[in-house]
Amino acid sequence: MPTVKVSNLAPDVQPRRRRIVITARAAASFDPLGRSVAAARAFVRDTLQGWGFADIVDDAVVLTSELVTNAVVHAGTSAEVLCLRAEDGVRVEVADRYPERELPLQLPGERPYADPDRENGRGLMLCAALATRWGVEYTAAHKHVWFRLDLPDRPVGTRSSGPVVPDQLLPLADSRVRVAVLQIDASGTVSGWNDDAEHVFGHPAEKAVGRPLAELAAWPQTPGTGTGIAEALRLSRWEGSYGIRGADGRVIPVYASHLRVRDAHGEPSIVCLLVHDDERALLQTPARVPASDGHLTEPRAADPFEVFIGSPAPDDLDGLLQRTVERARDLLDADAAFLLLATDDETELEVRATTGLPSTRQRFARVPVEAGTNRYGSARMPAVHDDLAAVSGAVPLLENTGMRSVVTVPLKVEGRLTGSLGVAAETPGRYTNEEALHLQFAADRIALAVESARLGELERLRRGSLSFLVEASDLLAGTLDRDQTLALMAQMTVPTLATWCAVYTIADQSSDPYLSYVLHEDEERIDGLKALLSRVSPPEPVREAGARPWPETALAVGGETVVLPLLARNRVIGLLTLGKPSEEHFRQEILELAEDLSRRAALALDNARLYSERTAISRSLQRSLLPQGSPAVPGMEVEVIYRAAGEGNEVGGDFYDVFPIREGVYGFAIGDVCGTGPEAAAVTGLARHALRLLAREGLGGPAVLERLNAAILDEGARSRFLTLLYGELHPQADGSARMKVVCAGHPLPLRLRTNGEVTPAADPQPLLGVIDDLELFEQTMTLDPGDVLLCVTDGVTERREGSRMLGDDGLAEVLTTCTGLTAGAVASRILRTVERFAAEPASDDMAILAFRVPQPREGE
């Protein structure tokens, strides 16, 4: 923080060089930090305004800013600022603590110490241009650079005045100067129209009075950015150029001064003074002009920023920049103006606002800060180009626009380049160093406001980008479907980031990119865009991250096109292509956001690919673990229903099988392996194939299951316990069926008789894969015609809804209602009951195996 001391001095205290009366003193010290420059400006401004020296505040602030910058930024030392007040002016001293940094002597042939090529020489250059007197003094401990500004000598009551100039330099006007005076009421309607207005515009008073001014005025407004006519009429004072439509239909350029007043009744109205635009000097607020003593004078206001930019200032960055270029154009009576903002690394400038140029296609285009080896090729210094036709490419923004002369000045905040402001004219040799200095003053006034608005815009963009990426991540994480992921990628970029988007996918490293998805903000142009892209060779898959231009597509489609690689797991799996029409350019912030999105989208797309592959493998494995086709047993009705839970990414543990053992004998099994996945699949495959092999070796049911138990235990750590219902089916000649079953830890099979009675068809025994010495027994029963045997896995009996569970009793109750139904109808009713038992989808696999002995038809 600066240390400030202010004191009033006795009249006999004298300054060093000139015997004048010092009436007040203010001093402050500033640390060698970049922000100290702004603090020094504020200190000098507040001090001089407090002393009533508003007329010289701006010059003092500009000079102090440059000298303190030299001390704290370039010299890297602390700075001491001393303000001395006198009756007719002020003296300001800036001291640093390195006296050995002496002012270099100018030797023959060397450049002067205040050479404009050197950025740190501008402070002394400005002292020479602005100060009444200035100098450099040395003490044993300090170096002082001082300047003095005298108050302008004006007659009492004079607000502003210009210098005495030769007659031939006076502004031109008609022999009979006419000033049109219009009175506009609160509704914007013309209520007064003098004779000069009738002469200038051709409308008699009776034709003009009562018409809205908006019908007569051709207002030069840039939509959404400039001040409109309605806003201008609400301001207390407004001054500027527009057009009035004459009686013959032509637009007459005028320069106007508006003043909002109240009548005796307190009703507001606007008094408008208008002259031909080439006679604007009659009304225009005097600009800075050289006084007779060589000092620049200018009408002063409490807020110089508002003087230049107008009040109220736009509250958004685009509006502020557009207003700035319009005022800069008017300031130097130019044909065009432009404003560029610097990137964070100060290596490039981005076109953000233009006026008077033939098109806006350069918006957001980039140009380098350093375009050459001399001062005219750097945006860090003011530059005047007398004739652009003689220096090809000096100002790329103005190529082929008809502009011949241009003056550009930097926008700086605390010594850091933040932008560049330029004005241009269609005639060569239009501007001099004096206009450059004038424009530099304007740039210094608005630089801080522009930087503040830019930072506000960046903060809004960052917040919007973060919100966009969070939403994008949620959407991409919500699907594992490849086609849906491609569609989401395109829909998130169009129209938020680009006008159109194309996504290319790469199957493997040896494959060319394939055009997989195309989207345009105009749906009617999607098919045409897809056809154009199909005729163009796909972009080269490059692994380097970041957006790169794709000129081949730009030629075919038109506009600007960029390509971003889709990088996932250290390989390129696709390409994201974004395009804009010819009159637009991608902003750097948009490209950075697109790069962030491409990384997230690439991972989501690769996850979808892996999920699809894994699902396909799982389904193929699941099919290999189940029998092919529907089982058929002569003389029996057999029905199987299998439902795997989940989304197909895990192999289920439930299985079934019905197979012939030998002539007239059939085996059947239904089981459930603990868990899911590869380990469960291994046990399922082992069980299904071992059952068939052992049964066909002639072993009975207990022996088959005991040997299967030993095989499961041999798997060691990979083994899983298994519940299994195994049986043999022997169709009989009398139409019945004899069945032998072994139930090892599995839900008991249920038998439904023709009278509706339901009973368990076996006793429970130990499950497989747990103990070595397993002793099982076989149970035999006979199914009479019309009887049903129902076998299920625990996904059926353990179906839950909250604390309720279907259970064995619930299953038996449902089975009692199936008397007289076929095996297929029984299995279907059980499945419907299970599905309707709870609202949520089933979380476990289900297998239903139903056998029924058909009843003989009448007459058989």
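Residues numbered from 1 in each chain as written. Predicted model: local features only at pLDDT ≥ 70, side-chain atom pairs only at ≥ 80, totals over all residues. Heavy atoms only, no water.

Novice: Can you help me understand the side chain of Gln765 in this one?
Specialist: Checked against the element boundaries, Gln765 lands in the loop between β32 (758–760) and β33 (779–783). Look at Gln765 and you get buried, because its relative accessible area is 7%. A distance of 2.8 Å separates a polar atom in the side chain of Gln765 from the backbone oxygen of Phe777. Among residues more than four places away in sequence, those in contact with Gln765 are Val742, Cys743, Ala744, Gly745, Glu775, Leu776 and Phe777. (Helix = DSSP H or I, 4+ residues; strand = E, 2+ residues; numbered from the N terminus. Buried < 20%, exposed > 50% of the residue type's maximum accessible area, 1.4 Å probe, protein only. Polar contact = N/O pair within 3.5 Å; in protein donor to acceptor, adjacent residues only side chain to side chain. Contact = heavy atoms within 4.5 Å.)

Novice: Can you help me understand helix α16 (residues 701–713) in this one?
Specialist: Along an α-helix, a turn takes 3.6 residues, which lines up residues three or four apart on a common side. Given a rise of 1.5 Å per residue, 13 residues ought to cover 18 Å, and the 19 Å separating the end C-alpha atoms of α16 matches this to within 8%. Taken as a whole, α16 has its buried residues at Gly701, Pro702, Val704, Leu705, Leu708, Asn709 and Ile712. Burial along α16 is one-sided: seen end-on, the buried residues are contained in an arc of 160°. (Expected span 1.5 Å × (residues − 1). Arc of directions from axis to C-beta.)

Novice: Even after reading the chapter, I still don't get the nonpolar core, so can you show me in this structure?
Specialist: Generally speaking, soluble globular proteins have nonpolar side chains that are buried together. Among the nonpolar cores identified, the biggest contains 43 residues, and Met489, Leu533, Leu566 and Leu578 are the most heavily contacted of them. Counting residues per element, this core draws most heavily on helix α14 (residues 588–624), which supplies eight residues. Dropping the residues within four chain positions of it, Leu566 is found in contact with Met489, Val503, Tyr504, Arg571, Val572, Ile573, Gly574, Leu575, Leu576, Ser598, Ala602 and Leu605. Listed in part, the 36 residues of the second largest apolar core include Val44, Leu48, Phe53 and Phe147. (Core = buried A, V, L, I, M, F, W, Y, C linked by side-chain atoms within 4.5 Å.)

Novice: Whenever I open this one, the packing of helix α10 (residues 433–477) against helix α11 (residues 482–493) confuses me. Can you help?
Specialist: For any two helices packed against each other, one specifies the inter-axial angle together with the distance between the axes. Between α10 and α11, the least distance of the axes is 10 Å, while the angle of their chain directions is 165°. Considering the angle they form, α10 stands roughly antiparallel to α11. Here the hand of the crossing between α10 and α11 comes out right-handed. Packed against α10, whose contacting residues are Phe468, Ala472, Leu475 and Leu476, the element α11 presents Thr485, Leu488, Met489 and Met492 at the interface. Class assignment of the residues belonging to the contact of α10 with α11 gives a composition of seven nonpolar, one polar and no charged. (Axes fitted to C-alpha atoms, helices over the stretch in contact; angles between N-to-C directions. Parallel < 35°, antiparallel > 145°, perpendicular 65-115°, else oblique. Left-handed = near helix turned anticlockwise from the far one by under 90°. Nonpolar A, V, L, I, M, F, W, Y, C, P; charged D, E, K, R; others polar.)

Novice: Got a minute to help me understand the pairing of strand β3 (residues 79–86) in this structure?
Specialist: The side chains of a regular strand alternate, first on one face of the sheet and then on the other. Counting buried positions along β3 gives six out of eight residues, so the element sits mostly inside the fold. The sheet contact formed by strand β2 (residues 22–30) and β3 spans eight bridges and is antiparallel. Across the sheet, the residue bridging to Arg25 is Leu84, located in β3. Where β3 lies against strand β4 (residues 89–96), eight bridges are found, and the strand directions are antiparallel. Bridged to Ala79 within β4 is Asp96. Linkage of β3 to β4, two consecutive antiparallel strands, is achieved through a turn of two residues. (Pairing = 2+ DSSP bridges.)

Novice: Just checking my understanding: could you explain the pattern of salt bridges for this structure?
Specialist: Should the charged atoms of two oppositely charged side chains come close, the side chains can pair. Summed over the entire model, instances satisfying the criterion amount to 24 salt bridges. Across the pair Arg688 and Asp657 runs a salt bridge, and its minimum N-O distance is 3.7 Å. Highlighted residues: Arg688 in helix α15 (residues 678–696) and Asp657 in strand β27 (residues 654–662), separated in sequence by 31 residues. Each member of the pair, Arg688 as well as Asp657, is classed as buried. Among the charged side chains, a salt-bridge network with shared partners connects Asp88, Arg148 and Asp150. (Salt bridge = Lys/Arg side-chain N within 4 Å of Asp/Glu carboxyl O.)

Novice: I'm lost on the sheet that holds strand β37 (residues 846–852) in this one. Help?
Specialist: With antiparallel pairing, the five strands of this open sheet are ordered in space as β26-β37-β34-β31-β32. The sheet is open, and its two edges are formed by β26 (637–643) and β32, each paired on a single side. The sheet shows a mean angle of 20° between the axes of neighbouring strands, direction not considered. Relative to strand β34 (residues 788–792), strand β31 (residues 750–752) runs antiparallel, the two sharing three bridges. Paired with Leu750 across the two strands is Leu790, which belongs to β34. Packing against the sheet, helix α19 (residues 823–837) makes contact with β26, β34 and β37, and its axis sits at approximately 25° to β26.

Novice: Help me understand α19 in this model?
Specialist: In this model, α19 (15 residues) spans 21 Å end to end at C-alpha, consistent with the 21 Å of a helix rising 1.5 Å per residue. Within α19, the full set of buried residues consists of Ala823, Val826, Ala827, Ile830, Leu831, Val834 and Phe837. Seen end-on, α19 carries its buried residues on one side only, within an arc spanning 130°.

Novice: Just checking my understanding: could you explain the sheet that holds strand β16 (residues 348–355) for this structure?
Specialist: Hydrogen bonds along the backbone pair up the strands of a sheet, which may run parallel or antiparallel. The six strands are arranged β17-β16-β15-β20-β19-β18 in an open sheet whose pairing can be described as antiparallel. One side of each edge strand has no neighbouring strand; the edge strands of this open sheet are β17 (366–368) and β18 (383–385). Between one strand axis and the next, the sheet turns through 25° on average, direction left out of account. Where strand β15 (residues 336–342) and β16 come together, six bridges link them in antiparallel fashion.

Novice: Would you mind showing me how to read the environment of Leu84 here?
Specialist: With respect to the element layout, Leu84 can be found in strand β3. For Leu84, a relative accessible area of 8% puts it in the buried group. Considered as a pair, Leu84 and Ile22 are 62 residues apart in the sequence and their alpha carbons are 6.4 Å apart. The contact partners of Leu84, leaving out residues within four places of it in the chain, are Ile22, Ala24, Arg25, Trp51, Gly89, Val90, Arg91 and Glu93.

Novice: Help me understand a negative patch on the surface in this model?
Specialist: On the surface, Glu521, Asp522, Glu523 and Glu524 cluster together to form a negatively charged patch. As for its placement among the helices and strands, Asp522 is situated in the loop between β22 (514–520) and α12 (526–534). (Patch = residues over 30% accessible without salt bridge, like charges linked within 9 Å, V, L, I, M, F, W, Y side chains within 5 Å. Areas by Shrake-Rupley, 256 points an atom, 1.4 Å probe, with all protein chains shown as cover. Lys, Arg positive; Asp, Glu negative; His and termini not counted. Charge placed at Lys NZ, Arg CZ, Asp CG, Glu CD.)

Novice: Can you help me understand the packing of aromatic side chains in this one?
Specialist: The geometry of an aromatic ring pair is captured by two quantities: the separation of the ring centres and the angle between the planes. Scanning all chains against the criterion turns up seven aromatic pairs. Arranged with centres 5.9 Å apart and planes meeting at 45°, the rings of Trp238 and Tyr242 form a pair that is tilted. Tyr242 shares its class with Trp238; the two are buried. It is Arg91 that lies over the ring of Trp146; its NZ or CZ is 4.2 Å from the centre. Here the basic side chain of Arg804 rests over the ring of Phe837, its NZ or CZ set 4.2 Å away from the ring centre. (Phe/Tyr/Trp six-rings, centres within 6.5 Å; stacked < 30°, edge-to-face > 60°. Lys NZ or Arg CZ within 6 Å of the ring centre and 35° of its normal.)

Novice: Is there a simple way to think about the confidence of the model for the protein in this case?
Specialist: Should pLDDT be low for a region, the predicted coordinates there are not to be read in detail. Per-residue pLDDT for the protein averages 80, and the proportion of residues at 70 or more is 82%. Note on residues 4–18: pLDDT is under 50 here. Beyond four places in sequence and across chains, it has 32 contacts. Counted against residues more than four places away or in other chains, residues 288–303, with its pLDDT under 50, gives 42 contacts. (pLDDT = per-residue confidence, 0-100.)

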